[in-house]
Amino acid sequence: MSPLVQLAAEEAENPLIPPIPELVIGLIAFVIVFGFLAKKLLPNINKVLEQRREAIEGGIEKAEAAQTEAQSVLEQYKAQLAEARHEAARLRQEAQEQGATLIAEMRAEGQRQREEIIAAGHAQIEADRKAASAALRQDVGKLATDLAGKLVGESLEDHARQSRVIDRFLDELEEKAEATR
């Protein structure tokens, strides 16, 4: 065969277009397989897809409900926390006020006790001064009387006269001491 004949024969058979009997058999086989898949497999696939869609939608609804509940719990927690902070601030303020009151009371009590101690000390000092003054008067009077008796040479044992002389002498000494102050 000549190359031209071969070329013409090849042109008659196009490799892109299959022969008609093969095309018909392939089309029938495709329709059978597609029909089988559409009748048996497609309903199961649709059923599984529908179950997954419902599960996803239910999960989303549950998640939204849980998120709403979590938000409400968070709001309650924030409200309780704010209330607890307010209560703590109030208690702290009350404690400070009570502490200040207690400190003021303790200072007043300390001041009162200090005044009592000072007054008692002054009273004790005054009583001791008077007792010392009286004891000193007696001692000075006794010494003065003894000394005067030795100087005069006679006894000055008369108690009434002795007391008058001593008192007059000591009064004069006190007046002189006050005048010099």
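Residues numbered from 1 in each chain as written. Predicted model: local features only at pLDDT ≥ 70, side-chain atom pairs only at ≥ 80, totals over all residues. Heavy atoms only, no water.

The helix and strand inventory of the protein chain stands at three helices and zero strands. Listed by position from the N terminus, the elements making up the protein chain come as α-α-α. Scored against the burial criterion, the 181 residues of the protein chain give a buried share of 3%. Element-wise, carbon and sulfur atoms account for 63% of the exposed surface of the protein chain, whose accessible area totals about 16,100 Å². (Helix = DSSP H or I, 4+ residues; strand = E, 2+ residues; numbered from the N terminus. Buried < 20%, exposed > 50% of the residue type's maximum accessible area, 1.4 Å probe, protein only. Areas by Shrake-Rupley, 256 points an atom, 1.4 Å probe, with all protein chains shown as cover.)

Turning next to the pattern of salt bridges. Two side chains carrying opposite charge are able to pair once their charged atoms lie near each other. Counted by the stated rule, this structure contains eight salt bridges. A salt bridge links arginine 114 to glutamate 115, with the nearest nitrogen and oxygen atoms 3.1 Å apart. Salt bridges here are not isolated pairs; linked through shared partners, they connect Glu50, Arg53 and Glu57. (Salt bridge = Lys/Arg side-chain N within 4 Å of Asp/Glu carboxyl O.)

Within the structure shown, the criterion is met by one aromatic pair. Note on phenylalanine 30 and phenylalanine 34: the rings are 6.1 Å apart at their centroids and 20° apart in plane angle, and the pair reads as stacked. Taken together, the residues phenylalanine 30 and phenylalanine 34, both in helix α2 (residues 20–152) and four residues apart, mark about one turn of the helix. Note on accessibility: phenylalanine 30 and phenylalanine 34 belong to one class, exposed. (Phe/Tyr/Trp six-rings, centres within 6.5 Å; stacked < 30°, edge-to-face > 60°.)

Before going further, it helps to examine the confidence of the model for the protein chain. In the predicted model, the protein chain carries a mean pLDDT of 83, and the fraction of residues at 70 or more is 84%. The least confident element of the protein chain, judged by mean pLDDT, is helix α1 (residues 3–12) at 57; the most confident is α2 at 88. (pLDDT = per-residue confidence, 0-100.)

Together, Val33, Phe36, Leu37, Leu41, Leu42, Ile45 and Leu49 make up a nonpolar patch on the protein surface, roughly 620 Å² of accessible area in all. As for its placement among the helices and strands, leucine 37 is situated in helix α2. (Patch = residues over 30% accessible without salt bridge, like charges linked within 9 Å, V, L, I, M, F, W, Y side chains within 5 Å.)

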